[in-house]
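Residues per chain are reported as follows:
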Amino acid sequence: MEERYQNEMEGHELKKATFAAGCFWGVEAAFRDVEGVVSTAVGYTGGSSTNPTYEEVCTDRTGHAEAVEVVYDPEVVSFEELLDLFWSIHDPTTKNRQGPDVGSQYRSAIFFYDPEQEATARAKMERLQGSGLYRREIVTEIVPAPEFYRAEEYHQRYFEKGSRRGCRIW
């Protein structure tokens, strides 16, 4: 199930991680700034339809989450470091909501690609829950990565294209 990529320039393998933490524009912007992240893409995952559109996902009827697929070099940045960023940029205690955005497409989720990612995510969530940092229970889903459907091109690197409207980073 784990997907690996070859980093041609560095001569070692890359890995993939997928996160949902509300509006995908801000989530992508946060991950793009991380050293060791080779590429990002925003899209839809975890739903019932094939090749959903933004308009379909926004109806909250497809079951998809707005998500960010991150390809990273594990020799530069670890999955645990990516998780630290994930937890810091949203409120993992709100179900199907981040800020003003409401619906299951804005849920908090970690889509894992291998047993190591799953174990790391579950252990980190357990530590955070026990830390007292959050007053409410963490509701983040930790589930196997289903098919990822890349969003329409105008959503990719949205903030880099000059738009600052919409979601915000916590």
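For the structure given in this document, a descriptive report is provided here. All of these numbers come straight from a predicted model, not from anything done at the bench.

**Considering helix α3 (residues 79–88)**
- Listed as buried for α3 are Phe79, Leu82, Leu83, Leu85, Phe86 and Trp87.
- The elements touched by buried residues of α3 are β2 (12–21), α1 (24–32), β3 (37–45), β4 (65–72), β7 (108–112) and α4 (115–131).

**Re the side chain of Gln98**
- With respect to the helices and strands, the residue Gln98 is situated in strand β5 (residues 97–98).
- Within the structure, the side chain of Gln98 is placed 2.7 Å from the backbone oxygen of Asp91, a separation counted as a polar contact.

**Regarding the environment of Leu83**
- Here Leu83 is to be found in helix α3.
- Here the alpha-carbon distance between Leu83 and Lys124, two residues 41 residues apart in the chain, equals 8.0 Å.
- Residues contacting Leu83, with those up to four places away along its chain left out, are Phe19, Ile110, Thr120, Ala121 and Lys124.

Parameters and conventions
- Residues numbered from 1 in each chain as written.
- Predicted model: local features only at pLDDT ≥ 70, side-chain atom pairs only at ≥ 80, totals over all residues.
- Heavy atoms only, no water.
- Buried < 20%, exposed > 50% of the residue type's maximum accessible area, 1.4 Å probe, protein only.
- Helix = DSSP H or I, 4+ residues; strand = E, 2+ residues; numbered from the N terminus.
- Contact = heavy atoms within 4.5 Å.
- Polar contact = N/O pair within 3.5 Å; in protein donor to acceptor, adjacent residues only side chain to side chain.

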